[in-house]
Every structure is written in C-alpha cells, then in structure tokens.
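Read off the chains here:
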Amino acid sequence: MAGRVDGKVAFITGAARGQGRSHAVRLAQEGADIIAVDICQPIENSAAPPATPEDLAETADLVKALDRRIVTAEVDVRDYDSLKAAVDGGVEQLGRLDIVVANAGIGTVGVRLDRMDEDLWRQMIDINLSGVWKSVKAAVRHLDSGASIVLTSSVAGLKAYPHTGHYVAAKHGVVGLMRSFAVELGPRNIRVNSVHPTHVNTPLLINDNTFRLFRPDLENPGLDDFAPICQTFHVLPIPWVTAEDISNAVLFLASDESRYITGIALPIDAGSCLK
C-alpha cells in the first residue's frame, strides 16, 4: 500500500542519521513532507560519534530524491525557543503539521545510581526526557484533528538494566509523557503513542566505544565480538533490529491505519521484554 501518509507533514527530531533519518525517509516514501532537526554537534559523554551538518544534509537529499519537500534546522532539543522556531518556520513553508516523531536522544555510560555524577544524570534527563516534552510542546499548537505523535522510548522504558539507571529513568519517563499527552490531547482527536526499540544497528550502538564497553576482555573488539552479547538480550535469534524496523512501526502509528490507537507502548524488541 503506497501513500499511507500522503499529503501530510512530519516533524522529526534527531533526523541527521540513524533512526531519525530512517523515519524521515520512510515517511517520505509514503508521501509525507518533512521538518527535520538535529543538534549536529558533539555531545559530552556520548559514546557515539557526533552527527554532523553533512549528515543532516544527506537526510535532506534522500528525502528530496523521493520528490518530497524537506525543511532542516540544526537544533538542540534542550532549547525550546529554537525548537519552536524550527517548527514554526517549517509549518510556514510546508503549510501544515500532522505527525510528530520525538526521536532525538543519547546513550551515556553510567554507574550505579547511588554513585552517579549529578551532571551526567541531569544531561540525560534534559535530553532524553525534557527534550521529548519540549519537542511535543513546540509542535502541538500546529496539530489538528487526526494528528499523530510518536515518542521514542526504549526497551529500557519498560524494564530496568544495571548501571544505566539515568537512561532507564528517562525512558520510563517518556512513557509517562506519552500517556499524559494521550489523555490531554485525545479530546482533540490527536493520538500519542511510544515505540520501544531494543538494540538497533545505528551509530548509537555500533561504535568502537560500545564494543569495548561490552567486551573489555578483548584488546580490539569488533562487530562480530559484540553481536553474541547483544543476542543474549533477545528471544528471537538476532543481535539487533534495523532502523527500518522501527520506522515501519512509526509509519503505522502515524498513519490512519492506527486511527483509534492511542496511549500504547509498542515494543520492537525481538522478544527482549520476555526476558
């Protein structure tokens, strides 16, 4: 089925690469125009290499190649005024807003919660929780009946893992945001749901720092050394899912196929929540 979001406009955060880029391309394939933002700068404490302005430009090129329009901006989701300006400007150029995908987030290595540095905690909450709230807040005034909001949480928003309590807390908080927005915006026929990926083969996971974190027993661990560790998290015999797997879920929740679905936390997790 083609054109599942034909004529709609989607606002996507963290769109320079990874899941955000995949969401932009997938929605564009199905007819949406895109407002895409990303910080495009290094983020302190992040194990992943930073996204760049060139990455965001590549996302724009991929969308344009699908004959869809795109408006981009380099924005930190911690900065509400810049988010609002980006959304307002995008709507002014593209004429409307129907879909919000609050996807931007970071992963940082922590320690036990009782030993965690306050600045590391604050950074995580500011980006992965408050940044999601600010992204939706900046967009809601432009949404009409039938709009859909999708928040990116994680399997860690449904279960806990050791030494990442700051991340777990932020991603659990996203579920609270999702449910609260769903209750508050439901009377306007605006739906709000969250997606909960397990490991995804994007730069946030697939990088040398993460390999070394999970395989400290090896001097120079690589992808093949890392994959068996990831597979232990899942019921299905795979180490990770792809960004496109998450994008297909986002597309479903953004489309009218899910017109009466709101307030759900949808895992795309290869059965991780069963373990």
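Source: prediction; values computed, not measured. (Residues numbered from 1 in each chain as written. Predicted model: local features only at pLDDT ≥ 70, side-chain atom pairs only at ≥ 80, totals over all residues. Heavy atoms only, no water.)

## Section: the state of the cysteines
A covalent bond between the sulfur atoms of two cysteines is referred to as a disulfide. Keep this limit in mind: Two cysteine sulfurs form what is called a disulfide whenever their separation falls within 2.5 Å. Each residue is assigned to one of three classes by its accessible area relative to the maximum for its type, calculated with a 1.4 Å probe on protein chains only: buried under 20%, partly exposed between the two thresholds, exposed over 50%.
Summed over the entire model, instances satisfying the criterion amount to zero disulfides. C230 carries a free sulfur, and the closest cysteine sulfur to it, the one in C273, is 16 Å from it. We classify C230 as buried; its relative accessible area is 0%. You can call C273 partly exposed: its relative accessible area is 33%.

## Thoughts on a nonpolar patch on the surface
The cut-off we apply is this: Patch membership needs two things, relative accessible area over 30% and no salt bridge, and members are linked within 9 Å if like-charged or within 5 Å if nonpolar (Val, Leu, Ile, Met, Phe, Trp, Tyr). Only the protein chains shown count as cover for residues, and the accessible areas themselves come from Shrake-Rupley with a 1.4 Å probe. Here a salt bridge means any side-chain nitrogen of Lys or Arg lying within 4 Å of a carboxyl oxygen belonging to Asp or Glu. Counting from the N terminus, the helices are DSSP H or I runs at least four residues long and the strands are E runs at least two residues long.
A surface patch of nonpolar side chains, about 320 Å² in accessible area, is lined by V235, L236 and L274. Within the secondary structure, L236 sits in the loop between α7 (223–231) and α8 (243–254). Judged by relative accessible area, which is 46%, L236 ranks as partly exposed.

## Thoughts on the side chain of H196
Our working definition: The term polar contact refers here to a pair of N or O atoms within 3.5 Å; inside protein, the definition further demands a hydrogen-donor-capable atom paired with an acceptor-capable atom, and it admits residues adjacent in sequence only when both atoms are side-chain atoms. Working rule for contacts: check all heavy atoms of both residues, and any pair within 4.5 Å makes them a contact.
Counting through the fold element by element, H196 comes out in strand β6 (residues 191–197). By relative accessible area, which is 0% here, H196 ends up buried. In terms of polar contacts, H196 uses its side chain to reach the side chain of S153, at 3.3 Å. The contacts of H196, once residues within four sequence positions are left out, are S153, S154, V155, G157, L158, V175, A265, L266, P267, I268 and D269.

## Thoughts on the sheet that holds strand β1 (residues 9–13)
We count it as follows: If DSSP finds at least two bridges between two strands, the strands pair. Comment: axis = line fitted to C-alpha atoms, over the contacting stretch for helices; angle = value between 0 and 180 degrees taken between N-to-C directions.
The seven strands are arranged β3-β2-β1-β4-β5-β6-β7 in an open sheet whose pairing can be described as parallel. In this open sheet, the two strands that pair with only one neighbour each are β3 (70–74) and β7 (265–268). Taken over all neighbouring pairs, the strand axes of this sheet differ in orientation by 15° on average, direction set aside. Here five bridges tie strand β2 (residues 33–38) to β3, and the two strands are oriented parallel to one another. Looking at the pairing, A36 lines up with T72 of β3. Running over the sheet, helix α1 (residues 18–29) touches β1, β2, β4 (97–102), β5 (143–152) and β6 and is turned about 170° from β1. Against the sheet, helix α2 (residues 53–64) engages β2 and β3, with an angle of about 170° to β3.

## As for the environment of H199
If you trace the backbone, H199 turns up in the loop between β6 and α6 (208–214). Under the relative-accessibility criterion, H199 is labelled buried at 14%. Here the alpha-carbon distance between H199 and P239, two residues 40 residues apart in the chain, equals 7.4 Å. Once residues lying within four places of it in the same chain are set aside, the contact partners of H199 are L205, C230, F233, H234, P239, W240 and V241.

## What about α8?
This is how it is decided: The span you would expect from a helix comes to 1.5 Å times its residue count less one.
The end-to-end C-alpha distance of α8, which contains 12 residues, comes to 16 Å, matching closely the 16 Å that a straight helix rising 1.5 Å per residue would cover. Among the residues of α8, A243, I246, S247, A249, V250, L251, L253 and A254 are the ones counted as buried. Looking at the buried positions of α8, the neighbouring elements they touch are α1, β4, β5, β6 and β7.

## Here's the deal with the packing of α1 against α2
Rule in force here: The scheme is simple: roughly parallel for angles under 35 degrees, roughly antiparallel for over 145, roughly perpendicular for 65 to 115, oblique for anything else. Should the near helix be turned anticlockwise from the far one by less than a right angle, the crossing is left-handed, and should it be turned clockwise, the crossing is right-handed. Think of it as three bins: nonpolar holds Ala, Val, Leu, Ile, Met, Phe, Trp, Tyr, Cys and Pro, charged holds Asp, Glu, Lys and Arg, and polar takes everything else, Gly as well.
Between α1 and α2, whose axes approach to 9 Å, the crossing angle comes to 15°. Classed by the angle they form, the pair α1 and α2 counts as roughly parallel. As α1 runs across α2, the sense of the crossing is right-handed. Listed contacts from α2 to R21, A24, V25 and A28 of α1 are D55, E58, T59, L62 and V63. Of the residues belonging to the contact of α1 with α2, the class tally is five nonpolar, one polar and three charged.

## Side note on the pairing of β1
Stated formally: Orienting the strands away from the viewer, one traces the path from the first strand over the helix to the second; a clockwise path indicates a right-handed crossover.
Within β1, five of the five residues are buried, which leaves it mostly tucked inside the rest of the structure. With burial as the criterion, each face of β1 is covered, one bearing V9, F11 and T13 and the other bearing A10 and I12. Direction of pairing for β1 relative to β2: parallel, over a ladder of five bridges. Bridge pairing in β2 places A10 opposite I34. For the crossover that starts at β1, traverses α1 and ends in the parallel β2, the hand is right-handed.

## Some details on the packing of aromatic side chains
Operational definition: Side-chain rings of Phe, Tyr and Trp (the six-membered ring for Trp) are treated as a pair once their centres are within 6.5 Å; stacked means planes under 30 degrees apart, edge-to-face means over 60, and tilted covers the remaining angles. Note on geometry: a ring has a charge over it if NZ (lysine) or CZ (arginine) is within 6 Å of the ring centre and within 35 degrees of the ring normal.
Summed over the entire model, instances satisfying the criterion amount to four aromatic pairs. Put simply, the rings of F211, F214, F226 and W240 touch in pairs and so form one group of aromatic residues. Between the NZ or CZ atom of K137 and the centre of the ring of Y80, over which it lies, the distance is 4.7 Å.

## Description of the packing of α1 against α8
Between α1 and α8, whose axes approach to 9 Å, the crossing angle comes to 50°. Accordingly, the angle class assigned to the pair α1 and α8 is oblique. Between α1 and α8 the crossing geometry is right-handed. Here α1 contributes G18, Q19, S22, H23, R26 and L27 to the contact with α8, which in turn contributes A243, E244, I246, S247, N248, V250, L251 and A254. By residue class, the composition of the contact of α1 with α8 is six nonpolar, six polar and two charged.

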